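Chain by chain, the residues:
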There are 2 protein chains.
Amino acid sequence: MNWSIVAFLISVLALGVAAWLYTWVKSQPSSNPEIARIGLLIKQGANTFLGREYKILAVFVAVVAVLIFFFLPHPIWNGNPANNIMMAISYIVGSALSALAGKIGIFVATIANVKSAEAATKNINQSFMTGFRGGAVMGMAVVGTSLLGVTLVLTLTGDASAVLGFSFGASSLALFAKAGGGIFTKTADVSADLVGKVELGIPEDDPRNPAVIADNVGDNVGDVAGMGADLFDSNVASMAAALVLAMTLDKGVGANVNMIFCYASLGLLSSIIGIMFGRIGKNGNPSTALNNCTYITTFLFAVLTALATFLFGFDWRYWGATVIGLSVGTIVGLASDYFTNDAKKPVKLVARASKSGPAFTIISGISYGLISVLPSLVGIAISALLSFVICDGIDPTTTVDALFGISMSALGMLSIVGMVISNDAYGPIVDNARGLVEMGGLGDEALRITDELDSAGNTVKAVTKGFAIGAAGLTVISLLGAYMAEANSALLEKGLALIENFDIMNPAVFFGLIVGAAIPAVFSAMLMLGVDRNAQRMVAEIHRQFKEIPGLKEGKEGATPEYDKCIDIATKGALRELIPAGLVAILATLVVGFIGGVMAIGGYLAGNIVTGLVLAMLMSNAGGLWDNAKKFIEAGNEGGKGSDAHKAGVVGDTVGDPFKDTAGPSINTQITVVSLVASLTAGIFAVFSIF
Amino acid sequence: MNWSIVAFLISVLALGVAAWLYTWVKSQPSSNPEIARIGLLIKQGANTFLGREYKILAVFVAVVAVLIFFFLPHPIWNGNPANNIMMAISYIVGSALSALAGKIGIFVATIANVKSAEAATKNINQSFMTGFRGGAVMGMAVVGTSLLGVTLVLTLTGDASAVLGFSFGASSLALFAKAGGGIFTKTADVSADLVGKVELGIPEDDPRNPAVIADNVGDNVGDVAGMGADLFDSNVASMAAALVLAMTLDKGVGANVNMIFCYASLGLLSSIIGIMFGRIGKNGNPSTALNNCTYITTFLFAVLTALATFLFGFDWRYWGATVIGLSVGTIVGLASDYFTNDAKKPVKLVARASKSGPAFTIISGISYGLISVLPSLVGIAISALLSFVICDGIDPTTTVDALFGISMSALGMLSIVGMVISNDAYGPIVDNARGLVEMGGLGDEALRITDELDSAGNTVKAVTKGFAIGAAGLTVISLLGAYMAEANSALLEKGLALIENFDIMNPAVFFGLIVGAAIPAVFSAMLMLGVDRNAQRMVAEIHRQFKEIPGLKEGKEGATPEYDKCIDIATKGALRELIPAGLVAILATLVVGFIGGVMAIGGYLAGNIVTGLVLAMLMSNAGGLWDNAKKFIEAGNEGGKGSDAHKAGVVGDTVGDPFKDTAGPSINTQITVVSLVASLTAGIFAVFSIF
């Protein structure tokens, strides 16, 4: 059975499901003109940002495509130009498809928010389903286009390197979308809170606040488009790594490649079925509904792949590795949940420490964030070890089978990604809906409903982030294997000695390891400083508006803030701040390769993965923890709203915002980008370096 | 020429110099009874802490010594019992000598603080010299005893493994002294500030504050005894690693071992000479005086070793590696200085960001802390690479020569450690002197002088910490080499295949790498949470005293706080909180070895070094930055004292306290301890593990 044809068909099915879900959402009633007006402002703001971002990206992609054309997979004067053209095209297609998925996601999310707000005036299930199905459009669009793209690129070129090029395209987009969106969303969020809640004491989502629309736009560009691009990227990268290794094993397209497409197809199919169960039952609540969908998807995937393995005679050991990956995803998710859930100890302890002042909120939050690194890293480490050990020996002549096992483990973790994205995109839609209910004055019951939906969104968000980081971790491990395979094929062509290992005691490897370890630190710091600088600009603008627009502060009829000015600041600032950070990561890779060659890059990737995972987990979990500690205090604990503990909690939450929504999750993308740059340039540094 | 005899003689000379300096300090006048009384309280407090710490340590050391006796270097039933006895004794001697040096340091520091305070009523040079020479006693005691110990252990046993045992003893002590002292000092500092400065608005060092003596005791046990033990540990570990590799090259005691003793002796000699220049010239200031001593020492060391290399025919390439290490020390120091000096951009920007509130102080401070990681790590990486490349090929049959080059580089960095400790111990002495001047009411001029001396102490402290971390970094790299040598000698004895590399692609190595990366995160978090918990206890006690002791708050004559209660809380809490953290690090090493064997431990060490360095640099530099940003605001910038920016700055400083004085510098020790545990247990895990 040729599973790449099945993969093609199921991708198309997923896109069809996306279209159907879109029609369903679109058909929901919306009649309130005020909400329609504000909804339109959000939609326009998101489109403005996306438009500008994509314009800059187009330039970036064009430049890189030209560089690829001249240099990759080999300098054009040294190899077959057809390969270079193919690589450049794959790169462009990868970035274009990811951009398209993001555009679709934003398009639907900015319709679904209005519909979900309106539905909240009727009943919770209707409102939930509108939000969830709106998010599911993004889920289907991302996984549909990514699987479609990978299938087409491999089928048309027959070359796994081209898939790496495709993946690099997706990564380039993710870098801009995730980091840029992350800076945008937190600039707006932090500024809105700082002036609105802290200085003036007006509620969240108050329409007098000039940053309120930018804040709602930010949810969309950060969490819908950004997170979608991030998971598009991880998903493609995990398939690319697996394909490179499978083709090394198969010596071309063979049984293992077929297995990858089979598992990926069944993962997508499971997600499609899981989505159909997304509704709140009697006495149910939105968190349970979201979790049930995930459980159904996970269960279906395990059963369907077992069935396929049995029917089509794939090796059970690879299936085992896949299931291990799936389980680690759960472990990482549960760990994130433990450290960020307000029913558990860490959040409560941080809330209590807040009574002694903000310094204690920060110290205890960072400490629990640091501790939260352990279970996730141990989970990833054990799954990599087990997958390797299980699969080693399937092909007795090589250890590539074992590395392939690790890549199947990453694939397993990402198999339910369609479901994960759906859950994740649900969050900003209902968050927006809540804002619309407040701004449109739809009444207390609707506010209560959207509050409940929003809270469920926040809970799954923390888990999803942990999941995304874990998935990136396993993926980049297999990318390390893919990098070695690429470097060796380049060395083989030149008739040079092959790389047998990346020995830590080798000085070039060690050099790379140490330098690589510093990069995620610098990258994340640059993004956070970007938010900092940008928020200062926006706060100044908000102050200006409150001063210069008569009657705005008092909420007089007809005194409307200039929302677009804030959106403009967030947009320009985000794009200005992210470019240097992205360049640092990419250039550092090239410099290390230039100095120490392919061995140094091997170490560099390992160092980058190691500190990248530590910092990403720390930031993501500490951020989630502070957010919920603040909410826990606001719910009346440790003094409740307005107490000193609450003020300290707000400081923690504000620090946590760029941690969890800008820097932390962007580190994933940085790691993937760097890994792909390394794989793609392996051919160059295999023949040239200083040491 | 037999340099081990010279090393012996120079160590004795250093101890003689220490005795002479002590006599000089002791002979300085002190007549003020109030200062004598408070000085005695500090002395008693420090001795109480040290006494209790050493009692617990004695139990710990005894238990470990018994374990060593049974299991190391080989299970006693499998090898020569004499070796086990030798190892156990070396271990005990290592911990005892380090404890002795700490005891001497505290003894003199708690005399010098009183004398320095008194001298401040006369002139600045006298006060400076008293503080500096008091600190120099610690410098001479540490380097004298450590060199003496290493020389004796190697000469008497002829076995580099015994030196590893000696080094492990020093590390065990450092773990307790640095982490325990770090928790003590910050518990007291944070609590004193929180209640004194923030709640009551009374000045620092106000005698009404029940925590004020504990705070002064903390400076001594944290910065004199703690930092001394840390550098004792690094110094011994760097020599141990170099000796293990030298003996592998020499096949016993030979030319390279001789060179190590030569360079170490000349380093100590240079420090002795450098110390003699410690005085403030006309129009000079204390910072310049401290720096001049360091420059003189550095210059002398480079010249003397060049001369020795020429005269005694050592290989110039090893000399080159040594000088590279010395230069990297400077780079790391300069980087720390840039990020923590209030004349430079980062401190100013953090101070400015503080105007928007404490959240921005934290975000920007952490961001610059993360960026500060880059120059130091690149410096360490390049020096390791260069040393390796220079020295590879000195012995054409092996790459051990190249690893030995790296260890010489670490040795070079630590060659001036006598000077570094002198500068470092100067800090708490003059800090104490400042407190005594304030508490004893010695007048404004004396306060101005001790303020100036204290400020110079703070500046060199940040640099010293960076230096200590860098030194630990290079040392553990060479310990990785030592670990491999130890593992191989165990494998050789069992007739098993030797380790040729620690390949990152090997699943056991990768497993270790990922798990190892999480340990410094967890370790540092546990220490910070310890400070947090302990400070909460002490704050409660301070509140109790202000409530229950009549007239204390108002400062009535005769109403004295119960200082000893606070000292007691800090002491008990510090010892209680540090033990679990230390055990986690050690046990994790054993578990990883048990699961993945010697290969996994190789990866584990690399992962541990990598994140350990990143977190240590981040915490140390961010902490220093916040401290100085607060002082910068207090000096009248960005609104000055009492402004919102100042309040935010105080939050940053409070977060920074456990960062820079507890967690950050303790990570060094954790890395060294783990490396030594790994080297010592290599024999066991070489023959047994699950995978």
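Residues numbered from 1 in each chain as written. Chains lettered and ligands numbered in written order. Predicted model: local features only at pLDDT ≥ 70, side-chain atom pairs only at ≥ 80, totals over all residues. Heavy atoms only, no water.

J.: So what exactly am I meant to see when it comes to the overall build of chain A here?
T.: Within chain A one finds 17 helices and 0 strands. What you see for chain A is a C-alpha radius of gyration of 24 Å, in line with the 26 Å of a compact globule of 691 residues. With respect to the principal axes defined by its C-alpha atoms, chain A has extents near 75 × 50 × 45 Å. Relative to its 691 residues, chain A shows a buried fraction of 68%. Partitioning the intrachain contacts of chain A with sequence separation of at least 6 by distance along the chain shows that 83% fall at a separation of at least 24. Roughly 20800 Å² of accessible area belongs to chain A as shown, and the carbon and sulfur atoms make up 64% of that amount. (Helix = DSSP H or I, 4+ residues; strand = E, 2+ residues; numbered from the N terminus. Rg over C-alpha atoms; globule rule 2.2 N^0.38 Å. Buried < 20%, exposed > 50% of the residue type's maximum accessible area, 1.4 Å probe, protein only. Contact = heavy atoms within 4.5 Å. Areas by Shrake-Rupley, 256 points an atom, 1.4 Å probe, with all protein chains shown as cover.)

J.: Explain the relation of the copies chain B and chain A here, please?
T.: Related by rotation about an axis and a shift along that axis, the two copies of the chain form a pair. When chain B is brought onto chain A, the operation consists of a screw motion whose angular component is 180 degrees and whose axial shift is 0.0 Å, with 0.0 Å RMSD remaining. A rotation of that kind, with that shift, is consistent with a two-fold axis. Considering only C-alpha atoms, the part of chain B nearest the rotation axis is D503(B), at 2.1 Å. A high fraction, 100%, of the interface residues of chain B reappear at the interface in chain A, so the copies pair face to face through one surface. (Least-squares fit on C-alpha atoms with pLDDT ≥ 70 in both.)

J.: Is there a simple way to think about the interface of chain B and chain A in this case?
T.: Accessible area lost when the parts come together is the quantity often used to give the size of an interface. Each side of the interface is counted separately: chain B has 72 residues, and chain A has 72 residues. For the interface between chain B and chain A, the tally reads 0 salt bridges. Elements with a minimum of two residues in the side of chain B that touches chain A: α5 (160-200), α11 (358-391), α14 (444-493), α15 (507-548), α16 (563-634) and α17 (644-687) of chain B. By residue number, the principal contributor to the side of chain B that touches chain A is α11(B), which donates 21 residues. (Salt bridge = Lys/Arg side-chain N within 4 Å of Asp/Glu carboxyl O.)

J.: What's the story with the packing of helix α13 (residues 417-440) of chain A against helix α14 (residues 444-493) of chain A in this structure? I'm lost.
T.: Relative placement of two packed helices is described by the angle separating their axes and the distance separating the axes. Residue and element names in this part refer to chain A. Relative to each other, α13 and α14 sit at 150 degrees, their axes nearing to 8 Å. With respect to α14, the element α13 is oriented roughly antiparallel. Between α13 and α14 the crossing geometry is left-handed. When α13 is examined against α14, the residues V420, N423, D424, Y426, G427, V430, D431, A433, R434, V437 and E438 are found in contact with a partner set consisting of A446, L447, T450, D451, L453, D454, A456, G457, V460, K461, T464 and F467. Considering only residue class, the contact of α13 with α14 consists of 11 nonpolar, 5 polar and 7 charged. (Axes fitted to C-alpha atoms, helices over the stretch in contact; angles between N-to-C directions. Parallel < 35°, antiparallel > 145°, perpendicular 65-115°, else oblique. Left-handed = near helix turned anticlockwise from the far one by under 90°. Nonpolar A, V, L, I, M, F, W, Y, C, P; charged D, E, K, R; others polar.)

J.: I would appreciate a short explanation of the environment of L311(B) in the present structure.
T.: Residues and elements named next belong to chain B. When you line up the elements, L311 lands in helix α8 (residues 286-312). A residue is classified by how much of its surface remains accessible, and L311, at 58% relative accessible area, is exposed. Placed 252 residues apart in sequence, L311 and Y563 show a C-alpha to C-alpha distance of 59 Å.

J.: In this structure, what is going on with the nonpolar core? I would like to understand it.
T.: When a protein is soluble and globular, its nonpolar side chains tend to lie buried together. Counting residues in each nonpolar core, the largest one holds 530 residues, and the members touching the most others are F261(A), F404(A) and F404(B). Not counting residues within four places of it along the chain, the set of residues in contact with F404(A) comprises A242(A), L245(A), A246(A), L249(A), N256(A), M259(A), I260(A) and Y318(A). (Core = buried A, V, L, I, M, F, W, Y, C linked by side-chain atoms within 4.5 Å.)

J.: I would appreciate a short explanation of the environment of T450(A) in the present structure.
T.: All names here are of chain A. Inspection of the secondary structure puts T450 in helix α14. For the pair T450 and A117, spaced 333 residues apart in the sequence, the C-alpha separation amounts to 7.4 Å. Sequence-distant contacts of T450, defined by excluding residues within four places in its chain, comprise A120, A433, R434 and V437. Looking at T450, its side chain comes within polar contact range of the main-chain oxygen of A446, at 2.9 Å. (Polar contact = N/O pair within 3.5 Å; in protein donor to acceptor, adjacent residues only side chain to side chain.)

J.: Explanation requested: the packing of aromatic side chains in the structure shown.
T.: Two descriptors summarise a pair of aromatic rings, namely the distance from one centre to the other and the angle between the planes of the rings. Across all of its chains, the model carries 32 aromatic pairs over all chains by this definition. Between Y263(A) and F314(A) the ring centres are 6.2 Å apart and the planes differ by 80 degrees, which places this aromatic pair in the edge-to-face class. Here the residue Y263(A) occupies a position in helix α7 (residues 255-276), and F314(A) occupies one in the loop between α8 (286-312) and α9 (316-340), the gap between them amounting to 51 residues. Like F314(A), Y263(A) is buried. Ring geometry for F71(B) against W77(B): centres 5.9 Å apart, planes inclined by 80 degrees, an arrangement best described as edge-to-face. On the basis of relative accessibility, which here comes to 33%, the residue F71(B) falls in the partly exposed class. Taken together through their ring pairs, the aromatic side chains of W3(A), Y263(A), F312(A) and F314(A) make up a single cluster. (Phe/Tyr/Trp six-rings, centres within 6.5 Å; stacked < 30°, edge-to-face > 60°.)

J.: What is the right way to read the pattern of salt bridges from this model?
T.: A side chain of one charge can pair with a side chain of the opposite charge when the charged atoms of the two come close. All names here are of chain A. All told, the structure shown has 51 salt bridges over all chains when counted by the stated rule. Between E562 and R544 there is a salt bridge, and its shortest N-O distance comes to 3.2 Å. You can see E562 sitting in the loop between α15 (507-548) and α16 (563-634) and its partner R544 sitting in helix α15, a full 18 residues away along the chain. When its relative accessible area of 29% is taken as the criterion, E562 is described as partly exposed.

J.: Help me understand helix α6 (residues 212-250) of chain B, please; the structure alone is not making it clear to me.
T.: Every α-helix carries 3.6 residues per turn, so stepping three or four residues along brings you back to the same face. Residues and elements named next belong to chain B. Across its 39 residues, α6 extends 55 Å between first and last C-alpha, which sits within 8% of the 57 Å expected from 1.5 Å per residue. Counting buried residues along α6, 38 of its 39 residues qualify, which places the element largely inside the surrounding structure. Immediately downstream of α6, the backbone of K251 shows phi near 50 degrees, a positive value. (Expected span 1.5 Å × (residues − 1).)

J.: How should unusual backbone geometry be read in this particular structure?
T.: The phi torsion of most residues other than glycine is negative, and most of the peptide bonds are trans. With a phi angle near 50 degrees, E638(A) is a residue other than glycine that sits in the positive phi range. Within the fold, E638(A) resides in the loop between α16 and α17 (644-687). According to the relative accessible area criterion, E638(A) is partly exposed, its value standing at 22%. The phi dihedral of K251(B) falls on the positive side, at around 50 degrees, and the residue is not glycine.

J.: Is there a simple way to explain the confidence of the model for chain A in this structure?
T.: The predicted coordinates of low-pLDDT regions are not to be read in fine detail. Residue and element names in this part refer to chain A. When pLDDT is averaged along chain A, the result is 89; 100% of the residues meet or exceed 70. When pLDDT is averaged over each element of chain A, helix α1 (residues 3-27) comes out on top at 95 and α14 at the bottom at 82. Scored as a whole, the predicted complex attains pTM 0.91, and scored at its interfaces, ipTM 0.90. (pLDDT = per-residue confidence, 0-100.)

J.: So what exactly am I meant to see when it comes to a nonpolar patch on the surface here?
T.: On the surface, a cluster of nonpolar side chains totalling about 820 Å² of accessible area is made up of I382(A), L386(A), V389(A), I390(A), L496(B), F594(B), V687(B), F688(B), I690(B) and F691(B). Mapped onto the secondary structure, F688(B) falls in the segment after α17. (Patch = residues over 30% accessible without salt bridge, like charges linked within 9 Å, V, L, I, M, F, W, Y side chains within 5 Å.)

J.: Just checking my understanding: could you explain α1(A) for this structure?
T.: All names here are of chain A. Taking 1.5 Å as the rise per residue, α1 with 25 residues should run 36 Å; its terminal C-alpha atoms sit 35 Å apart, in good agreement. Three or more residues of α1 are buried, namely W3, S4, V6, A7, I10, S11, A14, V17, A18, L21, W24 and V25. Buried residues in α1 make contact with α3 (81-119), α4 (124-157), α7 and α8.

J.: I tried to follow the packing of helix α3 (residues 81-119) of chain B against α5(B) on my own but got confused; where do I start?
T.: Residue and element names in this part refer to chain B. Taken N-terminus to C-terminus, the directions of α3 and α5 make an angle of 40 degrees; their axes are 7 Å apart at the nearest point. Here α3 lies oblique to α5, going by the angle between them. In the crossing of α3 with α5, the sense of the turn from one axis to the other is right-handed. On α5, the residues touching M86, M87, S90, Y91, V93, G94, S95, L97, S98 and A99 of α3 are S161, A162, G165, F166, F168, G169, A170, S172 and L173. The residue inventory of the contact of α3 with α5, partitioned by class, reads 11 nonpolar, 8 polar and no charged.

J.: In this structure, what is going on with the side chain of S90(A)? I would like to understand it.
T.: Residues and elements named next belong to chain A. For S90, the location among the structural elements is in helix α3. Judged by its relative accessible area of 5%, S90 falls in the buried class. Only 2.8 Å separates the side chain of S90 from the backbone oxygen of M86, close enough to count as a polar contact. For S90, the contacting residues outside a window of four places in its chain are V153, A162, G165 and F166.

J.: What am I meant to see in the environment of D205(A) here?
T.: Residue and element names in this part refer to chain A. As for its placement among the helices and strands, D205 is situated in the loop between α5 (160-200) and α6 (212-250). Here D205 falls in the buried class, since its relative accessible area comes to 6%. The contact partners of D205, leaving out residues within four places of it in the chain, are V212, N216, R434, G435, E438 and M439.

J.: Would you mind going over the side chain of S238(A) with me for this structure?
T.: All names here are of chain A. Within the element layout of this structure, S238 appears in helix α6. On the basis of relative accessible area, S238 is assigned to the buried category, the value being 0%. Excluding anything up to four places from it in sequence, S238 contacts A410, L411, L414 and T475.

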